[in-house]
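# Summary of structural features
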Amino acid sequence: MGEFCERDAFFLEAVSSFFNQAFENGKAVATVGQGANGGTAQLQAIVDHSTAVIYVKDVDGKYILVNRLVEKLLRHSRQQIIGKTDFDILPEADARRLRESDEKVLKTGIPLEVKEVVQRPDGLHIYVSVKFPLKDTRGSVYAEAGISTDITDRTHSNECRRHLAAIVDSSEDAIISRDLNGIIMSWNKGAEKIYGYAAEEIIGKPVTVLIPPSREDEDTRFLRKGQPVGQYETIQRRKDGSSVEVAVTVSAIRDEHGKIVGASKIARDITSRKHLELQQKILYELAATVNRAPAMPEIYEAALDAICSSQNTGRASILLCDPGGVTRFKAWRQLSNEYRIAAEKMMEAKYRKCSFDPVYIPDVSTAPWDEPLRALVTREGIRALAALPITYEKRPLGRFTVYYDAPHDFTHEEMFAARIITNQVAFAIERQERTEALRQAVVQMEEFSYSISHDLRAPIRAMQGYAHVLMHDHGAQLDDKAREYIERIIEGSERADRLIRDTLIYTRASMRELQLVPVSLENLATQIAQQLATITPLHPQIRIASPLLPVMGHEPSLMQAISNLLSNAIKFVAPGTTPQIRVRTEPRGDEEVRLWVEDNGIGIKPEYHHRLFGMFERLEAKENYEGTGIGLAIVRKVVERMGGTVGVESNGVSGSKFWIQLPAAATP
Amino acid sequence: MNAPVILLAEDDRNDVFFVRRGLEQAGVRAGLQVVSDGEDVMDYLTGQGIYGDRNQYPMPSLLLLDLKMPLANGFDVLEWLRTQPALEYLPVIVLTSSPEERDRQKAASLGATRYFVKPPTLEMISEIVQLMRTAPTTGNCH
C-alpha cells in the first residue's frame, strides 16, 4: 500500500472495527446511513472530515455509507446515493469497472489496492483506492468499504521530477548544484563527460576542485552579492589536470522562504567553439591582409603565421617557386638550418611532380618514405606533418609544410583552414602577377603612343611643310591642276596628323588614372567658349546660362570633353547659318549634375544616336564637315573615366542637345 | 658687331629647314647654328672641342631646343643648364613634337622660357623676334 500514509491506515482500521462492532451489536446495517444512532453520527462526522473519499457498499453494491467527498465526487447528495448502486449513478462503463474490482474484494475477502482514473469537471483525476471487505465475527463478508485518495497532484509532480531528471541526465552540459559551503550536491552525466569525475567520486567534494585557484573568485562572487552572475566564460580544471574552456551559467537555489541555500551551475564545454572562433579570426585577418594588397613578402609572412596558428603548431615553412622551379620566396619557422637546405633542394627537385592535393601524415613513423628523408625528418624531431600545395588553376606555385613534435590527428577544421589559406596565397600571387603584367602593358602602351606622337608625326609634318613651301615658293610656276594636287597633299597630311593626335588622346584617356576634384564648369566653359569664338571663322554665339553647377572631375579631361562638344556644335551647322549654342547645367537628383550643350545645327536622326559616340564614326561625309570621327568617342571615354555618362537628344531636324552627367561637387 | 646667334638643337633636318625658312621669312636678322644632339648643345655652350672657336661658333642669344634627340635629350640639357650659372641669361624655347601636358610642365619646371609644339608657327617666330629684341645680344664670353 505504498500510496497510503500512516493516517490512512489508522483510519481504515477504525472504520473496520466500527462496522464490526455495529454489526455485532445486531444493529441493522441499513440504519447506519440514517444517522439515527449516536455512534453512527460520530462515524459520519469522522469520515466527513477525511481528505479521502470513503464509502461502504453492501454485497450487492448498494451504498451504505458515503462521506462528503463521495457526494462531491459523484455530484449527488447523500440521500440520492444511499441505497443506490454505481449503475444508478455513473455511466455504465465506469460502473462496470468499479463493480469488477468490488466483486474481486467480496469474492476473495482480500483488500485490494487499485488506481482509478475518474473524469472530474476539472479534468482527469487519479485515485489510489483501497477496497477492503467488512467481515462479521464468523468471518463472512457482509460489506465492502473503500477509501480513495486523490493522488493527481502527487502523480504530476513525480512525473515532472522524472522528466527533469531525464533532461538533466541526458544533457551534454554539466549541470551541477552546490550548497552554500561550496560542496557539490549533484552531478549529471554531462559533468562527468566534461570534467572526468564520476558522480560518486565528486559529490560531497568542494566545487573548488574544478576551479583553478586564480579564478575562485568567479564562483563565489554571485553568492556574496546574492544574485546570479548570469553567464561568463572561464577556464576550469578536469580530473586529469587539463584545462577546459567553459561557458558557465550560475543561478541561486532558494528554499521555500526564498533564502539562498546553494547554487546551480550549468557549464558548457566551449573548447571547440573557441577553437572555431580562433580559426575564423585567423582566416579573416589573412583575408584582410590579402585584400590590402601589400608587398608580397608581407602576404607570405601573414599566411605563414595563419597556417601556424590554424594548424596548432609553431613549426612551418613556406616555399614558393617560379614556373621554372626557381625559389622565389621562402620562410621558415623553428626549423634547423640543415633541414632548410635539404627541404629546399627536395622542393626544387620535385617541383614539377608536386601533388595538387594536400598530404597529411599523422605519424611519420608509418610513412612510406625513403631513407634520406626519413632520417632528416627524424633528426629534426618531426613526428607528424602536412604538405599543403599552393596551386592556381593546376599550376603549382609552391607549398606550405607544417610540422608537429608529436603524432597529430588532423581535424576537419584544420584541413578546411589550410585549404582556405593556400587558396588565399595562390590568389594573391596570381593577382600580383596579373597586376604586374597589366602594368607592363600600360607602360609599353605609353611608350608606344609616345613614340607615335613623336616619330610618326614627323614625316607627316614634313609632307605638310614641304607642300606649303612648294605652294608658296613655286606655286606661280605650276598650273592649276598641280596646285590643286598640292592642296590635296596638304589636306591629307593635316588630316593624318589630326587622326594621330586624336587617337593618342583617346588612348591616353583610356589608360590615365584620373584624380577627381571639384571643378567649376562655369570657369571652364567660359574659357573654352572664348577661345573657340576667336579661332572659329563662323563667329559662333555661345551663351553660358550662369551659374553653371560645379562637378567632380579631372579638369584637363573635362576641358577636352567640353571643347569637343562645343567644336562639334559649331561645326555641324547648315551652310550660311551662324552657330548658336547654349550651355547650361541642371541638377539630377542630389548626387549628379548634367551639363547640356544645345545647338541649332543640322541635328542627328534618332536611329543614329547609338553610333554617335563610337570610335571613327562619322555620320556626315568628309566633304561636308571635316573631322576624324574620334571627337565624341573621346568625350565618352573621358566622361566615363570620371564616373559619368553621356547622351544626346535630337530629332534630326532642328539642332542637337548633347549632355554629360557627372557627380555633383559642393558649390565652391 | 656680329648678328645675334640662335642655337638650334634639332636632329630632324626637315624641322631644321622649316625653322630656318620661318626665321628668314619673318626677317629675323640672326645667325642660326645647328647641333643635332644634347651633348653637342653642352659642348657648344661650354666651348668644348671645335666649339672653342667662338668666331666660328659664337655664344647664342637664344636656344631653340628639341626634346627628343639622340644621346642627351632636351630635358637633360635643361637640367644641365640649371647647373651652369654662366648660362643663366640664355632664354630657352622648347620646340617639340610632343603635345603632352606632362612634357610641357616638366619643361617649365626645368626653366624653359616657352614651349611650342611643331610645326613652327607664326606665333613662335614672332615670340623669337620678341626675345631677340629684349634679350642681351649675346653672352659674356663672346
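Description of the structure in this document. Quick caveat: nothing in here was measured; it's all calculated off a predicted structure.

## What to know about the side chain of A:Asn188
Residue and element names in this part refer to chain A. Relative to the helices and strands, Asn188 is located in the loop between strand 7 (184–187) and helix 8 (189–195). At 3.0 Å, the side chain of Asn188 and the backbone oxygen of Asp173 are in polar contact. Within the structure, the side chain of Asn188 is placed 2.8 Å from the backbone nitrogen of Ala191, a separation counted as a polar contact. Residues in contact with Asn188, not counting those within four places in the same chain, are Val168, Asp169, Ser171, Asp173, Ala174 and Ile175.

## Considering the interface of chain B and chain A
Chain B puts 17 residues into the contact, and the matching count from chain A is 15 residues. Note on chain B versus chain A: buried area summed over both sides is about 1,500 Å², and carbon and sulfur give 48% of it. Where chain B packs against chain A, one counts two salt bridges. Note that B:Asp15 and A:Arg461 form a salt bridge whose closest N and O atoms lie 3.0 Å from each other. Remark: the boundary between chain B and chain A carries five residue pairs in polar contact (both at pLDDT 80 or more). If you list the elements that add at least two residues to the side of chain B that touches chain A, you get helix 1 (13–26) and helix 4 (101–109) of chain B. With six residues, the single largest contributor to the side of chain B that touches chain A is helix 1 of chain B. Per-class residue counts for the side of chain B that touches chain A are four nonpolar, five polar and eight charged.

## What to know about the sheet that holds strand 17 (residues 541–544) of chain A
All names here are of chain A. Taken together, the five strands give an open sheet; going across it, the order is 17-19-20-22-21, and neighbouring strands pair in mixed fashion. The strands lining the two open edges of the sheet, one partner per strand, are strand 17 and strand 21 (645–650). Averaged over all pairs of adjacent strands, the angle between strand axes in this sheet comes to 20°, irrespective of strand direction. Across seven bridges, strand 20 (residues 592–598) lies against strand 22 (residues 656–663) in antiparallel orientation. Across the sheet, Glu592 pairs through a bridge with Pro663, a residue of strand 22. Against the sheet, helix 18 (residues 555–571) makes contact with strand 17, strand 19 (580–588), strand 20 and strand 22, and its axis sits at roughly 170° relative to strand 22, the strand it touches most.

## Considering the nonpolar core
All names here are of chain A. Judged by nonpolar contacts, the single largest core of 39 residues is most densely connected at Leu558, Ile562, Leu566, Val639 and Ile660. Contributions of two or more residues to this core are made by helix 17 (521–535), helix 18, strand 19, strand 20, helix 19 (631–641), strand 21 and strand 22. Looking at which element gives the most residues to this core, the answer is helix 18, with seven residues. Counting 34 residues, the second-largest nonpolar core is a separate cluster that includes Ile307, Val402, Ala417 and Ile421.

## Quick look at the pairing of strand 19 of chain A
All names here are of chain A. With four bridges joining them, strand 17 and strand 19 adopt parallel strand pairing. Counted as the bridge partner of Ile544 is Val583 from strand 19. Across seven bridges, strand 19 lies against strand 20 in antiparallel orientation. Its bridge partner being in strand 20, Thr585 is matched across the sheet by Leu595. Here strand 19 folds back onto strand 20 in antiparallel fashion, the turn holding three residues, of which Gly589 has a positive phi close to 65°.

## Remarks on the environment of A:Glu414
Residue and element names in this part refer to chain A. Here Glu414 shows up in helix 15 (residues 412–474). Given the relative accessible area of 2%, Glu414 is considered buried. Separated by 138 residues in sequence, Glu414 and Leu276 place their C-alpha atoms 9.6 Å apart. Excluding residues that lie within four positions of it along the chain, Glu414 makes contacts with Gln279, Ser310, Gln311, Asn312, His408 and Asp409. One polar contact links Glu414 to Asn312, side chain to side chain, over a distance of 2.8 Å.

The rules we used
- Residues numbered from 1 in each chain as written.
- Chains lettered and ligands numbered in written order.
- Predicted model: local features only at pLDDT ≥ 70, side-chain atom pairs only at ≥ 80, totals over all residues.
- Heavy atoms only, no water.
- Helix = DSSP H or I, 4+ residues; strand = E, 2+ residues; numbered from the N terminus.
- Polar contact = N/O pair within 3.5 Å; in protein donor to acceptor, adjacent residues only side chain to side chain.
- Contact = heavy atoms within 4.5 Å.
- Buried area = accessible area lost by both parts, 1.4 Å probe.
- Salt bridge = Lys/Arg side-chain N within 4 Å of Asp/Glu carboxyl O.
- Nonpolar A, V, L, I, M, F, W, Y, C, P; charged D, E, K, R; others polar.
- Pairing = 2+ DSSP bridges.
- Axes fitted to C-alpha atoms, helices over the stretch in contact; angles between N-to-C directions.
- Core = buried A, V, L, I, M, F, W, Y, C linked by side-chain atoms within 4.5 Å.
- Buried < 20%, exposed > 50% of the residue type's maximum accessible area, 1.4 Å probe, protein only.

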